[in-house]
Structures are given as structure tokens and as C-alpha cells.
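What the coordinates show
What follows is each chain in one-letter form.
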Amino acid sequence: MPWDRNQMAARAAEELEDGMYVNLGIGIPTLVANYVGDKDITLQSENGMLGMGPFPFEGEEDPDLINAGKQTITELNRTSYFDSAMSFGMIRGGKIAAAILGAMEVAENGDLANWMIPGKLVKGMGGAMDLVAGVGKVVVVMDHQNKAGESKVLKACTLPLTGAGVVDRIITNLGVLDVVEGGLKIVQLADGVTEDELRAATEATIVG
Amino acid sequence: MQKVYGSAAEALDGLLFDGMLIASGGFGLCGIPELLIDGIVAAGTKDLTVASNNAGVDDFGLGKLLATRQVKKMMSSYVGENAEFMRQYLSGELELEFNPQGTLAERMRAGGAGIPGFYTKTGVGTVIAEGKEVKTWNGQDYILEEGIFADLSIVKAWKADDTGNAIFRKTARNFNPPAAMCGKVCVMEVEEIVPRGSLDPDHIHLPGIYVHRLIQGEHEKRIEQRTVRKREEA
């Protein structure tokens, strides 16, 4: 059985180490916060907050306190607030140890596409281009294939890029792959997934 | 030095002209200058270029200026919450210049700090880099981005004294300080104007030097994505 969304999030949480400042994207990456356990992790919200807490209890929502997905959230006793220029200063400046993001496509050279599909609705890149250019480690969490069964792990991205050569690690429902010289290296197979199955579902070059 | 005005209309009087560039604070609907946006709608100023991270929603925030067709061009990082924006953009009525969010914030900060351009690795190898100068340091490419020098800044803070020393609240700070800095003139709206001396000088987020006109008013502070957890989960 390939990993489900929660198992992918749990596996992504293993990438996080004690003391890290981390930015989590929208979707499955948001679920990673549920699996950090006892690790001392500080979550950044790029609209200007370090130390993001859980959603508020009903009736305690504060319109002045939202995350980058515009959802109401809460603060913690370690929280700090700052403006957008400082927020992206710490992102661009390499102070954020890791970003865990979703993707539409990832290529074997680490190219990432996750912000637009030409001809369809164009929403914007938000902070994604800054994050992938600036943070210490970029981890992509996504389904290995699209709904049509085509590989999202490609030799080259077909969609407009969010960043060139920026991805370090890919976690999918089928396993974990690292971007290395010459292609992708299998780090781990999801429970019950064989290497042949992973290779068959992957368009990108797998080395080693 | 009299910075306090009685209304948005009074505070904006003499500052608006067709074709101007306005920088606005706010992230989503959080910390947006609601009253000043309404004031610009009422003034009917046209062909605006607005630098703002987002474009509001259809009936609130900058969406109101889009509904009245007063905006010619948006400089934003994310506009996904506004259907009217999409309609105008796809039909060619509205220009859109996408800026990565951090690039937009830094362009405002730089403009306010007298820096006409800076190099960043954000966007290298993407469509954002097209037509921009590239410079290489230590083997890493960087692209040239320009500071934003706005004709007018409209921002929202929580409290300010009558000299414009301002304090923001939680994540409503967001783009407001850099937006305030990059305007030739900055008009700020606050929830409360407090007497001089009542704010701790060590706790000022934005010094009054950046604020030229100030109004106080009631804010709707609409929530875009109300998310909660159940009490029994605690």
C-alpha cells in the first residue's frame, strides 16, 4: 500500500530536527505539524510570524492573526511578529532551515513547478519563489502521479518554474527520492511498494 | 505639525491624481487600509497602479477599487481570491505584474530606504527573471529588481500617537511598514489615536517620520478563512 496523506506528512516530519525554524506550505505540508512530536520546531508563517500555533477555539478567532493561507491561527509563548520585508529577509537570508512544499511537477535536476498552469487560472506565486530560493533545504511532498496516472517526477518540468535546481528531497506516496548528480536516488520505498513499481511510476532518471 | 485628519476624504484631499502609483499595506484582508480604500473609491481617481500583495475579495478591500474599474495595473504576488480580478485580467482590461512576495516587500522597503535597485536570487531561472539584468556572485546568479517609489502609501496600524508613531497588532503588520516607507506621502488609518507619551518609545514599530496624515475609524476587519478547532480536542 502506498502512503496516504498522513503517512506522507509523518515521513516529512522526520526531516525536521530539534531547534529548526521551518516553513510549511499549504495542503499535505500543513499536516506535517501534527507529526513533529517532542521536537522543538518553530514554524514560520511568511506573512510575518515565527512560532505559529494551532487553529483557535471557536469564538476565539482574531482577524489580526492569520497564517499565509489566510486561516485564523493562534500564537504561542515563543511567538514573534514582524513585517513582510523582515519575514522575507529571514527567508532569503537563509535563516529558515527548511521549507516543506507541495508541487505540480519536480524534475531530476531539482527544478520545481508549483505556481501556475498557463491558460488556466493564474493566482500567483505568493512567497514560494522566495522560499525555494532562500531556505536551507527544500522538501517537496506530493503524489507521485497526477490523476491521469502520469508521473509528476519528470526529466524536465513542462510548467513554468517556481525555482531552478532548488529541490533537495521528494517525498511521495511511493517513497523518498533525493536530487543527486545525474538524477534521482531512491532513499526509501513506501510500505509495500517495490523498487520496480517506483521506477515504473517515475519518468525521471533514477541513478544508483 | 498637524497630522490628524477628520476623515479619509479629508486625509486624501489634494493627494490623488489619475494614473498615480499607490502602495498599499495588508496581507489578504488582514491589516488592510479599509477606510482609505473606501475614500479612493469615493474620490473616483482613475488609471491607478496599485502595489499590494493581494487584491482583496470581490466586495471588500482593493476589490472595491477593481469593481469600479479604477485600477489599471496591479503589482501583486497572489490574486487568487478575487473573481472579478480574474475576469478583468483574462479579458485584458487589467494589467498584472506578478512579483514574488519577498521581492515585492523588499522593493517597497528599498524604495523607502532610497535604494533604486537590488539583486536577489528569488526568481532566477523563472519567468520573473526575463528581461532582468543578471549578476553572479560566488557562482550564484542574482537578478536586478527595482525599488518602488510610490506617489502615495495607504496603510493601516492598530494605534498611533498624533505624531504618527505607530504600533501594529499581530500579523496585521505584514506589508504595512514597507508600504508606508515607499510613498512620497503616507496616509495611515488606525483603530485608535492615543496621546503623545502614552506609547513606549521602545515599542514603536514605525516611527512617525514615515506618516504624514493620520485618521482614526471603525474597522470591519473581515476574516477571509475562518478556521477553528473543537474544544474537546484540547
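With that settled, consider empty space enclosed by the protein. By the definition in use, this model includes four cavities of 30 Å³ or more. Size it by volume and the largest cavity reaches roughly 60 Å³. What lines the largest cavity is Pro-63 and Asp-64 of chain A together with Leu-29, Cys-30, Gly-31, Ile-32, Glu-34, Lys-156, His-219, Lys-221 and Arg-222 of chain B. Its residues assigned to classes, the lining of the largest cavity shows four nonpolar, two polar and five charged.

To continue, consider the sheet that holds strand 9 (residues 153-154) of chain A. What links the strands of a sheet is backbone hydrogen bonding, and the strands pair in either a parallel or an antiparallel sense. All names here are of chain A. Judged by pairing direction, the sheet is mixed, and its three strands sit side by side in the order 7-6-9 without closing on themselves. The open sheet is flanked by strand 7 (112-113) and strand 9, the only strands paired with a single partner. One ladder, built from two bridges, connects strand 6 (residues 105-107) with strand 7; its direction is antiparallel. Note on strand 7: the bridge partner recorded for Glu-105 is Ala-113.

The next subject is the nonpolar core. The tendency in soluble globular proteins is for nonpolar side chains to be buried side by side. Counting 55 residues, the largest nonpolar core has Leu-112 and Ile-170 of chain A as the members making the most contacts within it. Filtering out sequence-adjacent residues up to four positions away, Ile-170 of chain A remains in contact with Val-106, Val-140, Met-142, Val-153, Gly-175, Val-176, Leu-177 and Leu-184 of chain A. Trp-115 of chain A together with Leu-65, Ile-143 and Ile-154 of chain B belong to the second-largest nonpolar core, a separate cluster that totals 36 residues.

For an α-helix the count is 3.6 residues per turn, leaving residues at separations of three or four pointing the same way. Residues and elements named next belong to chain B. Among all positions in helix 4 (residues 83-90), only Glu-84, Phe-85, Met-86 and Gln-88 are buried. Looking at the buried residues of helix 4, the elements they touch are helix 3 (63-67), strand 3 (71-76) and strand 4 (95-98). At the N-terminal boundary of helix 4, the capping side chain belongs to Asn-82, with an oxygen 3.1 Å from the backbone nitrogen of Glu-84. Among the residues trailing helix 4, Gly-92 stands out with phi positive, at a value near 85 degrees.

Quick notes on the rules
- Residues numbered from 1 in each chain as written.
- Chains lettered and ligands numbered in written order.
- Predicted model: local features only at pLDDT ≥ 70, side-chain atom pairs only at ≥ 80, totals over all residues.
- Heavy atoms only, no water.
- 1 Å grid on protein atoms, 1.4 Å probe; cavity = no way out; pocket = protein on both sides within 12 Å on 5 of 7 lines; lining within 4 Å.
- Points joined across faces, edges and corners; volume = space filled by probe spheres on them.
- Nonpolar A, V, L, I, M, F, W, Y, C, P; charged D, E, K, R; others polar.
- Pairing = 2+ DSSP bridges.
- Helix = DSSP H or I, 4+ residues; strand = E, 2+ residues; numbered from the N terminus.
- Core = buried A, V, L, I, M, F, W, Y, C linked by side-chain atoms within 4.5 Å.
- Buried < 20%, exposed > 50% of the residue type's maximum accessible area, 1.4 Å probe, protein only.
- Contact = heavy atoms within 4.5 Å.
- Polar contact = N/O pair within 3.5 Å; in protein donor to acceptor, adjacent residues only side chain to side chain.

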